[in-house]
Amino acid sequence: LELERAAELTKDGKVYPEFNEAVLADLRSSLNLFLDEAVWGKNANYRELLLADYLFLNERLGKLYGRKDIKGGFQKVSLDPQRRSGIVTHPFLLSSLAYHNNTSPIHRGVFLTRNIVGMTLKSPPMANEFKEGKFNPRLTMREKVTEMTRAKACMGCHVTINPLGFSLEHYDGIGRWRMKDQNKPVDSTSDFKTE
């Protein structure tokens with residue numbers, strides 16, 4: 001799960017004021033409970049890891065992730081299967097695969113390419129650092145990534161990475177479901193080529 005990147009996970013307090021050390025600890029516990037259930041629980045099988053439509057939420061996480069009805073400690077909570085599906089959409093993983101102030105279709109796409117699809121990626125001939133200030137502030141993250149990776153040299157890998165990463169754009173930088181990015185409808189459609 002490449003969770004070593006989460007060791008120093010922080011978020012911009014202006015963008016995500018609700019995200020703090022307590023939430024981070026709760027998300028880590030939620031993920032551990034999910035993994036225990038998916039791997040060792042009554043209905044355990046590998047499909048649960050990718051298809052489960054539940055999370056373990058406590059009251060604090062319930063408020064943050066749209067389930068204000070949750071009271072008390074951690075409990076298994078069924079969610080809309082059109083919005084949550086297994087480990088890939090767990091908020092802890094999505095948060096660790098995002099920038100401190102936004103999503104990251106590239107990080108998420110690389111993770112999916114390597115760890116879910118099982119494809120290898122070559123190191124880029126020239127790595128480009130994502131610099132928020134280089135883009136029109138009205139662009140969505142998808143539009144920024146599309147612009148940044150447009151070059152033919154980039155598309156050798158990004159033809160795979162981008163569609164997979166874009167498929168998770170409905171989740172913000174802390175893994176909450178969203179319908180808009182920069183006041184535009186989120187476009188999470190993608191065309192993943194397997195040939």
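For the structure, see preceding data.
Since this is a predicted model, take the numbers as computed values, not measurements.

Student: Where do I start with a nonpolar patch on the surface in this structure?
Tutor: On the surface, a nonpolar cluster with roughly 410 Å² of combined accessible area is contributed by Leu50, Leu51, Ile116, Val117 and Met119. When contributions to the nonpolar patch are tallied by element, the ones reaching two or more residues are helix H2 (46–51) and helix H5 (105–117). Looking at the secondary structure, you find Val117 in helix H5.

Student: Sorry, what's going on with unusual backbone geometry here?
Tutor: Comment: phi is negative for the bulk of residues other than glycine, and the bulk of peptide bonds are trans. For Gln182, which is not a glycine, the phi torsion comes out positive at approximately 55°. One can find Gln182 in the loop between strand E3 (180–181) and strand E4 (184–185). For Gln182, a relative accessible area of 38% corresponds to the partly exposed category.

Student: Before we go on, may I ask you to explain the packing of aromatic side chains in this structure?
Tutor: To describe a pair of aromatic rings, one takes the distance between the centres and the angle between the planes. Tallying each qualifying case throughout the model produces 3 aromatic pairs. With centroids separated by 5.5 Å and ring planes inclined at 50°, the aromatic side chains of Phe34 and Tyr54 adopt a geometry described as tilted. Of this pair, Phe34 sits in helix H1 (residues 21–40) while Tyr54 sits in strand E1 (residues 54–57); the two residues are 20 residues apart in sequence, bridging distant segments of the chain. Grouping residues by exposure puts Phe34 and Tyr54 together as buried. Judged by centre distance (6.1 Å) and plane angle (85°), the rings of Tyr54 and Phe56 are edge-to-face. For the pair Tyr54 and Phe56, one class covers both residues: buried.

Student: What is the right way to read H1 from this model?
Tutor: Spacing of three or four residues puts side chains on the same side of an α-helix, whose turn is 3.6 residues. With 20 residues, H1 extends 28 Å from end C-alpha to end C-alpha; this agrees with the ideal 28 Å at 1.5 Å per step. Between the side-chain oxygen at the start of H1 and the backbone nitrogen of Ala22 there is a gap of 3.0 Å, and the oxygen is on Asn20.

Student: How should the pattern of salt bridges be read in this particular structure?
Tutor: Oppositely charged side chains are able to pair whenever their charged atoms sit close together. The tally for this structure, following the rule as stated, stands at 10 salt bridges. Here Arg176 makes a salt bridge to Asp172, at a shortest N to O gap of 2.8 Å. Each member of the pair, Arg176 together with Asp172, is buried. One salt-bridge network, in which partners are shared between bridges, spans Glu18, Asp172 and Arg176.

Student: Would you explain helix H6 (residues 141–148) in this entry?
Tutor: Every buried residue of H6 is accounted for by Met141, Arg142, Lys144, Val145 and Met148. Within H6, the buried residues cover an arc of 160° as seen down the axis, which keeps them to one side. Looking at the packing, one finds that the buried side of H6 touches H5, helix H7 (152–166) and E3.

Reading guide: rules and limits
- Residues numbered from 1 in each chain as written.
- Predicted model: local features only at pLDDT ≥ 70, side-chain atom pairs only at ≥ 80, totals over all residues.
- Heavy atoms only, no water.
- Patch = residues over 30% accessible without salt bridge, like charges linked within 9 Å, V, L, I, M, F, W, Y side chains within 5 Å.
- Areas by Shrake-Rupley, 256 points an atom, 1.4 Å probe, with all protein chains shown as cover.
- Salt bridge = Lys/Arg side-chain N within 4 Å of Asp/Glu carboxyl O.
- Helix = DSSP H or I, 4+ residues; strand = E, 2+ residues; numbered from the N terminus.
- Buried < 20%, exposed > 50% of the residue type's maximum accessible area, 1.4 Å probe, protein only.
- Phe/Tyr/Trp six-rings, centres within 6.5 Å; stacked < 30°, edge-to-face > 60°.
- Expected span 1.5 Å × (residues − 1).
- Polar contact = N/O pair within 3.5 Å; in protein donor to acceptor, adjacent residues only side chain to side chain.
- Arc of directions from axis to C-beta.
- Contact = heavy atoms within 4.5 Å.

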